There are 2 protein chains.
Amino acid sequence: MEDEIIKYISNYTEVSPELETAIRQSGMIRQYPKGHFLLEAGQISIECFFVLKGCVRRFYIKDTEERTTDFYTEMQAIPGISKGTPNEYYLECLEDIIAAVGNPELESDMFQKFPILESFSRVIGESMMTTYVEEFSEFKMASPEERYLKLLESRPDLFQRVPLNQIASYLGIKPESLSRIRKRIMK
Amino acid sequence: MEDEIIKYISNYTEVSPELETAIRQSGMIRQYPKGHFLLEAGQISIECFFVLKGCVRRFYIKDTEERTTDFYTEMQAIPGISKGTPNEYYLECLEDIIAAVGNPELESDMFQKFPILESFSRVIGESMMTTYVEEFSEFKMASPEERYLKLLESRPDLFQRVPLNQIASYLGIKPESLSRIRKRIMK
DNA sequence: CTTCTTTCTTGACTAAAGTCAAGGGTTGCT
DNA sequence: AGCAACCCTTGACTTTAGTCAAGAAAGAAG
């Protein structure tokens, strides 16, 4: 599984043999069973994750109702830095998960030994940021129906892995509305 | 104006005299008049901006209509890295602007001379990311009315600087709806 | 001050999402 | 097999946003 990470990193920057060894020995790779919570509301997040296998759901609880705001699947990073304040959200493993886990100590240690890794981190972060800003813009501009169609196109796998009521929430609507949108489109 | 940037950076990390000199001499600070476009759709973005004074609006054009998706004001960064593909959005100065402008060459030059600056960049980027993810989540979970009330609280200055129809768009609704929401709340 | 333009509000109507309640389907458990 | 839990859909009704059109209000320009 370390292979996956190294392959991913080498898409962006040269990975020296020393760095590769360090990554393999860092013990970043972890496994979690379906149903496990990587994080619960009230806790302070100190770890961040990079999903290698499986699907993780981020959700809040608003008025006793779960509100799903993100799904993280293969090759996606879960931004996990809170600024010392407790989180208000949950990270739930919807499937058995394999992930690379980072924490501040490990990171600063690795960044010091391998500055290129910090550079990589910054570049990846900027690119994620750009993607996220785009997504947010598109979400604002689109109707619920358009959002549904876009998701069908961009992440069809989600519809095989995740219940529709969580997808509805992710689209910012109620399950009944999603059901009617689907019916409307079917005709 | 360079003072502002240095002050901002030193909130996060030590700024050595050498770094301070380098920043002051880098010529990053620029001014733009109200009405100027920092970026237009179709162009490829290579610069990124940090607003020191004024308000910049980001908008798309969808079905011949302008759709505002962000306002950037004092001490906010405008993420500007596109991956070689032309942008689909505009960056318009709603007021006279003073901004720090970065470009890849200057950045990699500075990062090489002052690695701490790249570290700062990564940390700031991560924190922006976290903020942005939170905002997106809240947007998804809130009704238009709740979004309006939240914006009133979090960025009251916008209502003094920006026409309501652009704010409506920013909230993901039509100007008529915003008008009715305001009326509803007034009572 | 007058004119022109842009912005904001209102009204009447349509379309779509929210709410509440019920029923069918599936899955998983014992 | 039978029960329970969860998920998805439907129906009837309410609420709210979208649309189109018109007019009032506020700003900018001559």
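Residues numbered from 1 in each chain as written. Chains lettered and ligands numbered in written order. Predicted model: local features only at pLDDT ≥ 70, side-chain atom pairs only at ≥ 80, totals over all residues. Heavy atoms only, no water.

Participant: Explain the interface of chain A and chain B here, please?
Facilitator: One widely used convention gives an interface's size as the accessible area the parts lose upon coming together. Contacts between the two partners involve 34 residues from chain A and, on the opposite side, 34 residues from chain B. The interface formed by chain A and chain B contains eight salt bridges. Across the salt bridge formed by A:Arg58 and B:Glu134, the nearest N and O atoms sit 3.6 Å from each other. If you look at where chain A meets chain B, you find 18 residue pairs in polar contact (both at pLDDT 80 or more). Residue assignment for the side of chain A that touches chain B shows that the elements contributing at least two residues are strand E4 (56–62), strand E5 (65–72), helix H3 (104–113) and helix H4 (115–141) of chain A. The biggest single contributor to the side of chain A that touches chain B is H4(A), with 18 residues. For the side of chain A that touches chain B, the class distribution of residues is 14 nonpolar, seven polar and 13 charged. (Contact = heavy atoms within 4.5 Å. Salt bridge = Lys/Arg side-chain N within 4 Å of Asp/Glu carboxyl O. Polar contact = N/O pair within 3.5 Å; in protein donor to acceptor, adjacent residues only side chain to side chain. Helix = DSSP H or I, 4+ residues; strand = E, 2+ residues; numbered from the N terminus. Nonpolar A, V, L, I, M, F, W, Y, C, P; charged D, E, K, R; others polar.)

Participant: So what exactly am I meant to see when it comes to the packing of H3(A) against H4(A) here?
Facilitator: Between two packed helices, the angle of one axis relative to the other and the distance separating the axes together describe the packing. Residue and element names in this part refer to chain A. It is at 4 Å that the axes of H3 and H4 come closest, and there the two elements cross at 115°. Between H3 and H4, the residues in contact are Met-110, Phe-111, Gln-112 and Lys-113 and Pro-115, Leu-117, Glu-118 and Ser-121, respectively. Its residues assigned to classes, the contact of H3 with H4 shows four nonpolar, two polar and two charged. (Axes fitted to C-alpha atoms, helices over the stretch in contact; angles between N-to-C directions.)

Participant: Explain the pairing of strand E3 (residues 48–53) of chain A to me, please; I cannot follow it from the model alone.
Facilitator: Looking down a regular strand, the side chains alternate between one sheet face and the other. Residue and element names in this part refer to chain A. When you tally the buried positions in E3, you get five out of six residues, the bulk of the element. Sheet topology places E3 next to strand E8 (residues 97–102); five bridges connect them, and they run antiparallel. The residue bridging Val-51 from the neighbouring strand is Ala-99, located in E8. Two elements, E3 and strand E6 (residues 76–78), share three bridges in a ladder whose sense is antiparallel. (Buried < 20%, exposed > 50% of the residue type's maximum accessible area, 1.4 Å probe, protein only. Pairing = 2+ DSSP bridges.)

Participant: For this particular structure, what's the right way to read the protein's contact with DNA strand C?
Facilitator: The local shell around DNA strand C holds 16 residues, among which A:Ser177, A:Arg184, B:Leu164, B:Asn165 and B:Arg180 are the closest. Taking all atoms of DNA strand C within 4 Å of the protein, the share assigned to sugar and phosphate is 66%. Interatomic distance of 3.5 Å between a side-chain N/O atom of A:Glu176 and a base nitrogen of DNA strand C. A:Arg180 places a side-chain nitrogen or oxygen 3.3 Å from a base oxygen of DNA strand C. Mapped by element, the contributors of at least two residues to the surface near DNA strand C are helix H8 (175–186) of chain A together with helix H7 (164–170) and helix H8 (175–186) of chain B. Class assignment for the residues of the surface near DNA strand C results in five nonpolar, three polar and eight charged. (Near = heavy atom within 4 Å.)

Participant: Explanation requested: the protein's contact with DNA strand D in the structure shown.
Facilitator: The local shell around DNA strand D holds 16 residues, among which A:Leu164, A:Asn165, A:Arg180, B:Ser177 and B:Arg184 are the closest. Sugar and phosphate atoms represent 66% of those atoms of DNA strand D found within 4 Å of the protein. In this structure, a sugar or linking oxygen belonging to DNA strand D sits 3.2 Å away from a side-chain N or O atom of A:Ser179. Side-chain polar atom of A:Arg180 to a base nitrogen of DNA strand D: 2.8 Å apart, as the coordinates give it. Going through the elements one at a time, helix H7 (164–170) and H8 of chain A together with H8 of chain B are the ones with two or more residues in the surface near DNA strand D.

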